[in-house]
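What follows is each chain in one-letter form.
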Amino acid sequence: SAVISQKPSRDICQRGTSLTIQCQVDSQVTMMFWYRQQPGQSLTLIATANQGSEATYESGFVIDKFPISRPNLTFSTLTVSNMSPEDSSIYLCSVVLAGGRSQQFFGPGTRLTVL
Amino acid sequence: SQQGEEDPQALSIQEGENATMNCSYKTSINNLQWYRQNSGRGLVHLILIRSNEREKHSGRLRVTLDTSKKSSSLLITASRAADTASYFCATNAGGTSYGKLTFGQGTILTVHP
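Residues numbered from 1 in each chain as written. Chains lettered and ligands numbered in written order. Predicted model: local features only at pLDDT ≥ 70, side-chain atom pairs only at ≥ 80, totals over all residues. Heavy atoms only, no water.

Asker: What exactly am I supposed to notice about the state of the cysteines here?
Answerer: Joining two cysteines, a disulfide is a covalent bond between their sulfur atoms. Considering all chains together, one arrives at 2 disulfides over all chains under this definition. One disulfide in the model links Cys-23 of chain A with Cys-93 of chain A; its S-S distance is 2.0 Å. Judged by the sign of its S-S torsion, about 70 degrees, the bond between Cys-23 of chain A and Cys-93 of chain A is right-handed. Taken together, the positions of Cys-23 of chain A in strand S3 (residues 19-25) and Cys-93 of chain A in strand S9 (residues 89-97) put the pair 70 residues apart, joining distant regions of the chain. Here the two residues Cys-23 of chain A and Cys-93 of chain A agree in accessibility, since each one is buried. With a sulfur-sulfur separation of 2.0 Å, Cys-23 of chain B is cross-linked through a disulfide to Cys-89 of chain B. Residues Cys-23 of chain B and Cys-89 of chain B share a disulfide whose torsion about the S-S bond is about 70 degrees; that sign makes it right-handed. Of this pair, Cys-23 of chain B sits in strand S3 (residues 19-24) while Cys-89 of chain B sits in strand S9 (residues 85-92), and the two are 66 residues apart along the sequence. Between Cys-13 of chain A, a free cysteine, and Cys-93 of chain A, which holds the nearest cysteine sulfur, the sulfur-to-sulfur gap is 18 Å. (Disulfide = S-S within 2.5 Å. Helix = DSSP H or I, 4+ residues; strand = E, 2+ residues; numbered from the N terminus. Buried < 20%, exposed > 50% of the residue type's maximum accessible area, 1.4 Å probe, protein only.)

Asker: Mind showing me how you'd approach the interface of chain B and chain A here?
Answerer: Note: interface size is frequently given as the accessible area lost on complex formation between the parts. Counting residues at the interface gives 22 residues for chain B and 23 residues for chain A. On the chain B side of the interface with chain A, the three residues burying the most area are Leu-43, Tyr-98 and Lys-100 of chain B, jointly 27% of the side's total. Here chain B and chain A share 1 salt bridge between them. Here Glu-58 of chain A makes a salt bridge to Lys-100 of chain B, at a shortest N to O gap of 3.0 Å. Linking chain B with chain A are 9 residue pairs in polar contact (both at pLDDT 80 or more). When its residues are assigned to classes, the side of chain B that touches chain A shows 7 nonpolar, 11 polar and 4 charged. (Contact = heavy atoms within 4.5 Å. Buried area = accessible area lost by both parts, 1.4 Å probe. Salt bridge = Lys/Arg side-chain N within 4 Å of Asp/Glu carboxyl O. Polar contact = N/O pair within 3.5 Å; in protein donor to acceptor, adjacent residues only side chain to side chain. Nonpolar A, V, L, I, M, F, W, Y, C, P; charged D, E, K, R; others polar.)

Asker: Can you help me understand the sheet that holds strand S7 (residues 61-66) of chain B in this one?
Answerer: Whether parallel or antiparallel, the strands of a sheet pair through hydrogen bonds between backbone atoms. Residue and element names in this part refer to chain B. Spatially, 5 strands are ordered S1-S3-S8-S7-S6 in an open sheet, and the strand pairing comes out antiparallel. Since the sheet does not close on itself, it has two edges, and those belong to strand S1 (5-7) and strand S6 (55-58), each with one partner. Averaged over all pairs of adjacent strands, the angle between their axes in this sheet comes to 15 degrees, without regard to strand direction. Sheet topology places S3 next to strand S8 (residues 71-76); 6 bridges connect them, and they run antiparallel. Among the inter-strand pairings, Ala-19 is bridged to a residue of S8, identified as Ile-76. (Pairing = 2+ DSSP bridges. Axes fitted to C-alpha atoms, helices over the stretch in contact; angles between N-to-C directions.)

Asker: Looking at this structure, I do not really get the environment of Ala-55 of chain A. What am I missing?
Answerer: All names here are of chain A. On the secondary structure map, Ala-55 appears in the loop between strand S5 (43-49) and strand S6 (56-57). Through-space distance from the C-alpha of Ala-55 to that of Arg-70 is 8.3 Å; in sequence the pair is 15 residues apart. Excluding residues that lie within four positions of it along the chain, Ala-55 makes contacts with Ala-47, Thr-48, Ala-49, Asn-50 and Ile-68.

Asker: Looking at this model, I keep getting lost on the pattern of salt bridges. Mind explaining?
Answerer: Charged atoms that come close allow side chains of opposite charge to pair. Residues and elements named next belong to chain B. Tallied over the entire structure, the rule returns 4 salt bridges over all chains. Measuring nitrogen to oxygen at the nearest pair gives 3.1 Å for the salt bridge that ties Arg-62 to Glu-55. For Glu-55, a relative accessible area of 39% puts it in the partly exposed group.

Asker: Sorry if this is basic, but what is going on with the packing of aromatic side chains here?
Answerer: Any two aromatic rings considered together are summarised by their centre-to-centre distance and by the angle between their planes. All names here are of chain A. This structure, assessed with the given rule, holds 9 aromatic pairs over all chains. Measuring from ring centre to ring centre gives 6.4 Å for Phe-66 and Tyr-91, while their planes differ by 45 degrees; the resulting arrangement is tilted. Taken together, the residues Phe-66 in the loop between S6 and strand S7 (68-72) and Tyr-91 in strand S9 connect sequence positions 25 residues apart. For the pair shown, Phe-66 and Tyr-91 are each scored as buried. (Phe/Tyr/Trp six-rings, centres within 6.5 Å; stacked < 30°, edge-to-face > 60°.)

Put into structure tokens, the structure is as follows:
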């Protein structure tokens, strides 16, 4: 497995502001993803973070709302822009390790509350 | 969209009993993975089973996969209070969707001491 860290672990934000979440992995990875888990719900894939190029977004998610960067293999950021209370969720990054067997490992998550 | 359906949605048992959770999915898969989540924290990877495998074991965990029925089950034997958590199945279709996971709704397991 790998050590995956996310910053911040939690935050409380005001409506209309933006928050950037960081994800750092201590191993080489092939793929990185961002997921959202709304209160009491399961996980939904937001996008695939592509190294050095624009992220690939899933249906219902757009770059203007969730800009993603991945400047190198082991680091990515997700920004939640112009937040509203509906954005209150846990945001998790996940990775597929280089040389792995398709197992996908998740970070500890960032719990976001928007007032 | 959420592909997986899990049942039961909630399961309450006594320590020492076995817990079985089921997962169904709708489309062909490359692999299926089971995860545990404690109290809204990060997900812990439990087991990956590939589409050409029928059963896998890891400690007290046993996972089966029936691709003809598009279903999987997770069995936890001799449960402990520490097993109390939410359990999710997640499928990967492979191909152009390699790596992308579609999650089931999850089963909330409570193990009473």
